[in-house]
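Take a look at the letters that make up each chain.
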Amino acid sequence: MWLPFIGLITGIALGLLTGIRIPEEYSNYLSIAVLAAFDTLFGGIRAYLQNIYDEKVFVSGFFFNIILAASLAFLGVHLGVDLYLAAVFAFGVRLFQNIAVIRRILLTKWTARKERIEKS
Amino acid sequence: MNRIKVKGHHYLLSLVGLFLGFIIALSYHLTQIENEKPKMTDKQYEQTLALRNQLIDQEKANRMLQMELKQKQDKVQKNEKELAKEARIFSSLVEDTEKYRLFLGKVKVKGKGVKVTLSDGAYDPKEDNVNHYLVHEHHVFKVVNELYISGAAAVAVNGTRLTSHSYIVCNGPVITVDGVPYPAPFVITAIGDPEVLASSLNLTGGVKDQLVNDDIIFKLEKADNIIFDPILGG
C-alpha cells in the first residue's frame, strides 16, 4: 500500500538531490509534463472513486499523456504556434473538473456515512 | 481503509509515483534556479549587448594600438642606438674641439703648472758687453719651446697668453709679446703636468743650464692654480 508513496518520496529526493540540469529551452516541456502527470493522477483517483479504475489505463495514460503533451509543445515550438498553451488549457480544465468530481464524490460518501452512523 | 484497496501491481504504481516525484522535483528545482537569476528586461539585454560589442571593439582597437606601439618602440630603439652612436662621435668631437680651443686660446684655462722667472744677471764690471747678461728673446723662445714640447697646454709670458701666431720680439731693453712691451724680469707661466715640465727644463745640459750659462737668473717654481683668460679678438 505504501509502496507508491515511498516511490513518490524517492522520486522527489532524486530530483532534488541529484541536481540534474535541464537546458532552459526544455523547461516548457517539463512544466507541461508535470501538468499532464497531475491531470492523469487526478483522473486516476476519480476513476478509482467511481469504481471504474483500471491500472493499465492509468499507467499507460500517465506516460502517454506526458509524452503527448511534451511532443505537442515541441511541435508548437517548431511550428511557431504556442500549442503548449492548448495543452495547458486542456489539462487545466480537466484538472479542475476532475478535482470537482472527486470533491463531490467524497462529499456524497461522507454524508452517506454520516447518515448511516446516525441511523445506527 | 479497506475499501481503498489497490488491485493490481503496486510496483507499477510506485513507478508512476517515482516518475511523478522526479519530474515535480525537477520542475521545482529548475524554477528555483531560474528565479535566482537576475531578471533582465529587453532594454537591459540590449544595453548589455551594446556594451559587450563596445568592449570587443575596444579590445580590438587596443590590440591594434599595442602592435603599433611595439613597432614605434622598435623604431625608437633604433633611433636611440643611432643617437648614442652620434653622441659618441659628438663627444669625441667636443673633446677635440676643447683641445683645439685650448691651443687656440679661446677658452679660459685653469690648472697646475710651472712658473719660470727669467731675470737679467747682475752687473759684472769685467764683462764689457751688457748683452751677455741680459735676457734676450731667444732665451724666452727656448723656454717657451721647451715647455710646449714637454706638453704644456698653454703658455703665457708676463700674463700675455701665447697663441699659434704670437710673436715675441726683442726691442731694445724690452721684449714685445704680441705688441705689448715687457721689461725684465720675464715670467713665463705654463699649464701642464708640473713634474714633467720642471724636469724637462731641469735636464742636464738643457734649457736651464744653457740660460744659466748665459748669466741669466733662472727661477723655476711649481704653481698649483694658474688661470689663463681667453684671448680676445684672436
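The shown structure was predicted, so the numbers you read here are calculated from the model rather than taken from an experiment.

Enquirer: An account of the nonpolar core is requested, with residue identities and associated values reported.
Expert: One finds Leu118(B), Val140(B), Val143(B), Val155(B), Ile188(B) and Ala190(B) to be the most contacted residues of the largest nonpolar core, which totals 27 residues. Elements represented by at least two residues in this core include exactly β1 (109–119), α3 (137–149), β2 (154–157), β5 (174–177), β7 (186–191), α4 (194–201), α5 (207–213) and β8 (217–228) of chain B. Beyond its immediate stretch of four places on either side in the chain, Ala190(B) contacts Gly113(B), Val114(B), Leu147(B), Ala152(B), Val155(B) and Leu197(B). Formed by 25 residues, the second largest nonpolar core is a distinct cluster that contains Leu35(A), Phe91(A), Leu18(B) and Ala25(B).

Enquirer: How would you summarise the sheet that holds β8(B) if you had to cite specific residues and measurements?
Expert: Picture the strands of a sheet paired through backbone hydrogen bonds; they go either parallel or antiparallel. Residues and elements named next belong to chain B. The sheet built from 5 strands is open, its strands ordered β3-β2-β7-β1-β8 with antiparallel pairing. In this open sheet, the two strands that pair with only one neighbour each are β3 (160–161) and β8. As defined by bridge partners, β1 adjoins β8 across 10 bridges and the pair is classed as antiparallel. Bridge pairing in β8 links Val 116 to Leu 220.

Enquirer: Explain the sheet that holds β5(B) to me, using residue names and the numbers behind them.
Expert: Residues and elements named next belong to chain B. The strand order across the open sheet built from 3 strands is β4-β5-β6, with neighbouring strands paired in antiparallel fashion. Strands with a single pairing partner mark the edges of an open sheet, and in this sheet they are β4 (168–171) and β6 (180–182). Averaged over all pairs of adjacent strands, the angle between strand axes in this sheet comes to 30°, irrespective of strand direction. Docked against the sheet, α3 engages β4 and β5, running at close to 155° with respect to β4.

Enquirer: Describe the environment of Pro230(B), and please don't skip the residues or the numbers.
Expert: Residues and elements named next belong to chain B. With respect to the secondary-structure elements, Pro 230 resides in the segment after β8. Here the alpha-carbon distance between Pro 230 and Arg 101, two residues 129 residues apart in the chain, equals 9.4 Å. Ignoring anything within four residues of it in the chain, the contact list for Pro 230 reads Gly 105, Lys 106, Val 107 and Lys 108.

Enquirer: Break down the packing of helix α2 (residues 27–49) of chain A against helix α1 (residues 10–36) of chain B for me, citing the residues and quoting the values.
Expert: Contact geometry for α2(A) and α1(B): axes closest at 10 Å, N-to-C directions at 140°. Put simply, α2(A) runs oblique to α1(B). In this structure, the crossing between α2(A) and α1(B) has a hand that is left-handed. The residues of α1(B) that touch α2(A), namely those facing Ser27(A), Leu30(A), Ser31(A), Ala33(A), Val34(A), Ala37(A) and Leu41(A), are Leu20(B), Ile23(B), Ile24(B), Leu26(B), Ser27(B) and Leu30(B). Considering only residue class, the contact of α2(A) with α1(B) consists of 10 nonpolar, 3 polar and no charged.

Enquirer: Now, about the interface of chain A and chain B: what can you tell me, with residues and values included?
Expert: Listed as interface residues are 26 residues of chain A and, on the opposing side, 23 residues of chain B. Looking at the side of chain A that touches chain B, the elements that each hand over two or more residues are α1 (3–18), α2 and α3 (55–79) of chain A. In terms of residues, the side of chain A that touches chain B owes the most to one element, α1(A), which gives 13 residues. The residue inventory of the side of chain A that touches chain B, partitioned by class, reads 19 nonpolar, 6 polar and 1 charged.

Enquirer: I'd like a rundown of α2(A), residues and numbers included.
Expert: Helical geometry: 3.6 residues make up each α-helical turn, so side chains three or four residues apart lie on a common side. Its 23 residues give α2(A) an end-to-end C-alpha distance of 33 Å, which sits within 8% of 33 Å, the value for a rise of 1.5 Å per residue. For α2(A), every residue scored as buried is listed here: Ile32(A), Ala33(A), Leu35(A), Ala36(A), Ala37(A), Asp39(A), Thr40(A), Gly43(A), Gly44(A) and Arg46(A). The elements touched by buried residues of α2(A) are α3 and α4 (83–119) of chain A together with α1 of chain B. Remark: Asn51(A) follows α2(A) within two positions and exhibits a positive phi of approximately 60°.

Enquirer: Tell me about the confidence of the model for chain A, and name the residues and values.
Expert: In the predicted model, chain A carries a mean pLDDT of 85, and the fraction of residues at 70 or more is 99%. Looking across chain A, the model is least confident in α1(A), with a mean pLDDT of 80, and most confident in α4(A), with 88.

Enquirer: Please give an account of α4(B) that cites residues and values.
Expert: Residue and element names in this part refer to chain B. When we look at burial in α4, the residues that qualify are Pro 194, Leu 197, Ser 200 and Leu 201. Seen from one end, α4 has its buried residues packed into an arc of 145°, which puts them on one side. Turned more than 90 degrees off the buried face of α4, the exposed positions are Glu 195 and Ser 199.

Enquirer: Tell me what's going on with the confidence of the model for chain B, and back it up with residues and numbers.
Expert: Residues and elements named next belong to chain B. Per-residue confidence for chain B gives a mean pLDDT of 83; residues scoring 70 or more make up 93%. Ranking the elements of chain B by mean pLDDT puts β4 last with 80 and helix α2 (residues 42–104) first with 92. Below pLDDT 50 for its whole length, residues 1–6 participates in 2 contacts with residues either more than four positions away or in separate chains. For this predicted complex, the interface score ipTM comes out at 0.76, while the overall pTM is 0.44.

Conventions adopted
- Residues numbered from 1 in each chain as written.
- Chains lettered and ligands numbered in written order.
- Predicted model: local features only at pLDDT ≥ 70, side-chain atom pairs only at ≥ 80, totals over all residues.
- Core = buried A, V, L, I, M, F, W, Y, C linked by C-beta atoms within 7 Å.
- Buried ≥ 20, exposed ≤ 12 C-beta atoms within 10 Å, placed from the backbone.
- Helix = DSSP H or I, 4+ residues; strand = E, 2+ residues; numbered from the N terminus.
- Contact = placed C-beta atoms within 7 Å.
- Pairing = 2+ DSSP bridges.
- Axes fitted to C-alpha atoms, helices over the stretch in contact; angles between N-to-C directions.
- Parallel < 35°, antiparallel > 145°, perpendicular 65-115°, else oblique.
- Left-handed = near helix turned anticlockwise from the far one by under 90°.
- Nonpolar A, V, L, I, M, F, W, Y, C, P; charged D, E, K, R; others polar.
- Expected span 1.5 Å × (residues − 1).
- pLDDT = per-residue confidence, 0-100.
- Arc of directions from axis to C-beta.

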